[in-house]
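A closer look at the structure
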Amino acid sequence: MHGTEYMQDTRFAIYSRISRDRVGAGLGVERQQEDCEKLVAQLGGQIVATFSDNDISAYSGKPRPGYEALLRVIKNGDVDAVAVWHQDRLLRRTIDLEHYIDVCQPTKTPTHTVMAGFFDLTTPAGRATAKTLAAWASYEVETSTDRVKSAKLQAAKAGKPSGGNRAYGYEQNGMVIIPEEAAVVREAIDRFVAGDSWRTIALDFNERGIPTAKGKLWAAINVRNVAVRPRNISIRVHNDNEYPAVWPSLISMETWEDLHLAIKRGQALHGQRSYTRKHLLKGFVHCGLCDTRMNIINAQQRDGSYSPAFNCRKKDHRGQDVGCGRVKRKKEPVEALVIDCLMYRLDTPDLTAMLAKDKGDSGKLKELMRDHEAQSLRLQEILNLYSTGEMTFSEYKSAKTAASARLDALGRELDQKTSRNTIGLIPAGQTVREAWDKADIQWRRQLVDTLIEKVLIYPKQLGDQKVIYKGFKFNPDRVEIRWKA
Ligand SMILES: [Zn+2]
C-alpha cells in the first residue's frame, strides 16, 4: 500500500542512519540504502540525493548533518519524495516529527519507509500514524535508559569501576595502579597537607612535565579532584552512595584523614584572616598617624604610569570617615623591606628556638581539629534536640553557651597552632629564604601572620627623596614593624 504511483522522473532523496543505541537491532547504512533503492525502484522514481548520518543517536539531540541536508532539499523543492528504511532512522522524538511535518507540508513531500510503509504527512491520518510510531520509539529509548541505569547500579554495588575516562593513577580498566602516577597523587596530597595550595602543586607538575590522565596540563581543580576522590581509598561512588570497591587503594586511611583535616583547616582559616589574598601585606599595614588599616590603591606615578600603593583613606566607598588621608606609600619597597626584615629575624637563634619548640606538634594539631569538629557537631545536635522538643529553651540556651565557648577556645588554639605550623614546614636543609622563594602567597601570608602584628607607615619627611632603597626613592626609616614574637 504505497498509495501513490510515481512518474519515472520523480526525484527521491534517501536517508539512512546508524544509531549507537540500536546496535544489533539496526542495520548498516549500506544495507539500509540498498533496501531504500529497491523501494524507490518499485515505486518508480529516480534517486537524486543520498544522505546518511553515522553512529549518531537521533535521541541525544546531537546535530545530524545528513538530516539537516535532507531538510534543506525538501524545503528547497529539490526532491519530490523521501525514502527511508524505518521512521525511527529519521525521527525518534515526537517533537522532531512535528518539525519534519512542518518542513514537508509546504511542498507536500511524501515519505516512504521500507519497514512501515507510506506516510502521507499531508493528511491527518498519516500524521497520526507517524506520531504514534514516534511515541513508541521514545518509549523504547526511555526504557532502555532505565535498563542502562539499573546495570550501572549493579556494577556500583559490586564495587566495579564505572568505566569512561581513565582515572589518574590507574590503568584504563581502573583496577591496576600505575606506580609513577600513584606517586604523583601521593605527592600532591602530602604537599597540600603541608600547606601548599592546589594551584602551586598544579604549576609545579606542569613545570616538571607531568601530564594529566588525558595528557594535558594540570589546573588547580584537576589536582584537587584527583586528590579528594574516594577512589583513592577504594570506594566507589554512585549517585552519592558509597560502595566498597574492588580496586586497590592508592593511599592509606591515615593519609586520607590528614587530607580532609587539612581541607577543614583551610575552610576554618578562611574568613578570619584570609590567606588567599593577592597581596602579601594586605590587612597588616596601618597608617602611622591615625592607625587606620591601609588599603591598596593604584596610584599614578610622576611618569604617568600606575603602580600599587598603600593608602590611608579619608573616606570609604560609602562616604564614611575612615582615616586621616595623609599617608600613601608605594607597595613594592614596603614589601621588599618587610621581607628582608622577616628573613633577618628568622635567622636569629631566639626564633629558631621558638620554632623548634613547635615542631613535631602535628599530633596535637590533629587532636585539636577532631575536638573542633566534634564541638561543631555538638552544637548542631543541641539545635536538633531543641527543635524536636527534647530540650527546653533554657536547657538549649545553656548547652549552646557552653558548647560555643568551648568551640571558640578551640578555634583560637587551632589558629595559633596552624600558623606556628607554617614555619615547621620549612624543609630540612633549606634556608628560610629558599623556602620563601619556593612558597606561594598563602604560605607567605601565614608566615607574616605568625611573626608580625602590624606594619606602620609614617609620612615622608624632607630629604626622603634622596634616600634610595633597592632602586626606589624610599626611606626605610618611615616604616615600623611590630613583631609578635
Ligand atoms: Zn592615616
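Reading the values: rules and limits
Residues numbered from 1 in each chain as written. Predicted model: local features only at pLDDT ≥ 70, side-chain atom pairs only at ≥ 80, totals over all residues. Helix = DSSP H or I, 4+ residues; strand = E, 2+ residues; numbered from the N terminus. Buried ≥ 20, exposed ≤ 12 C-beta atoms within 10 Å, placed from the backbone. Axes fitted to C-alpha atoms, helices over the stretch in contact; angles between N-to-C directions. Left-handed = near helix turned anticlockwise from the far one by under 90°. Contact = placed C-beta atoms within 7 Å. Nonpolar A, V, L, I, M, F, W, Y, C, P; charged D, E, K, R; others polar. pLDDT = per-residue confidence, 0-100. Pairing = 2+ DSSP bridges. Core = buried A, V, L, I, M, F, W, Y, C linked by C-beta atoms within 7 Å. Arc of directions from axis to C-beta.

1. Let's talk about unusual backbone geometry
One non-glycine residue, Lys-108, lies in positive phi territory at about 50°. Of note in the backbone geometry, Lys-470 takes a positive phi value of approximately 50° without being a glycine. Mapped onto the elements, Lys-470 comes out in the loop between strand E13 (468-469) and strand E14 (472-473). For Lys-470, a count of 11 C-beta atoms within 10 Å puts it in the exposed group.

2. Digging into the packing of helix H6 (residues 179-193) against helix H7 (residues 198-207)
At a closest axis distance of 9 Å, the pairing of H6 and H7 adopts a crossing angle of 145°. Taken as a pair, H6 and H7 cross one another with a handedness that is right-handed. Contact residues: H6 offers Val-184, Ala-188, Arg-191 and Phe-192, while H7 offers Trp-198, Ile-201 and Phe-205. Residues of the contact of H6 with H7, tallied by class, amount to 6 nonpolar, no polar and 1 charged.

3. Here we look at the confidence of the model for the protein chain
Predicted confidence across the protein chain gives a mean pLDDT of 79, with 80% of residues reaching 70 or more. Across the protein chain, the element-wise mean pLDDT spans from 53 in helix H11 (residues 349-358) up to 95 in strand E8 (residues 285-287). This model gives residues 21-26 a pLDDT under 50, and the stretch forms 6 contacts once residues within four places in sequence are excluded. For the stretch residues 269-276, pLDDT sits under 50, and the model shows 8 contacts to residues farther than four places along the chain or on other chains.

4. Considering the sheet that holds strand E9 (residues 295-300)
Reading across from one edge, E9-E10-E11 is the order of the 3 strands in this open sheet, with antiparallel pairing throughout. At either end of the open sheet lies a strand with only one pairing partner, and these are E9 and strand E11 (328-330). With direction set aside, neighbouring strand axes in the sheet form an average angle of 40°. As judged from the 3 bridges shared by strand E10 (residues 306-311) and E11, these two strands associate in the antiparallel manner. Along E11, the bridge assignment pairs Ala-309 with Lys-330.

5. Here's the deal with the nonpolar core
Among the nonpolar cores identified, the biggest contains 27 residues, and Phe-12, Ala-13, Tyr-15, Cys-36, Val-82, Ala-83 and Val-84 are the most heavily contacted of them. Look past the residues within four positions of Ala-83 in its chain and what remains in contact with it is Phe-12, Ile-14, Cys-36, Leu-39, Val-40 and His-112. In terms of nonpolar packing, the next biggest core, distinct from the first, is built from 20 residues, Cys-287, Phe-310, Val-327 and Leu-342 among them.

6. Remarks on the pairing of strand E1 (residues 11-17)
Most of E1 is tucked away, with 6 of its 7 residues classed as buried. Bridge count for E1 against strand E2 (residues 46-53) is 7 bridges, and the pairing is parallel. By the bridge assignment, Ile-14 is partnered in E2 with Thr-50. Sheet analysis places E1 next to strand E3 (residues 81-84), joined by 4 bridges and oriented parallel. Looking at the pairing, Phe-12 lines up with Ala-81 of E3.

7. Description of helix H2 (residues 65-75)
Among the residues of H2, those classed as buried are Tyr-67, Leu-70 and Ile-74. The buried residues of H2 occupy one face: seen down the axis, they fall within an arc of 55°. Away from its buried face, by an angle of more than 90 degrees, H2 presents the exposed residues Pro-65 and Glu-68. Positive phi appears at Gly-77, one or two residues downstream of H2, with a value of about 75°.

8. Brief notes about the environment of Leu-281
Inspection of the secondary structure assignment puts Leu-281 in the loop between helix H9 (253-269) and E8. For the pair Leu-281 and Val-448, spaced 167 residues apart in sequence, the C-alpha separation works out to 7.9 Å. Each residue touching Leu-281, except ones within four places of it in the same chain, is listed here: Val-334, Glu-335, Val-338, Val-448 and Val-455.

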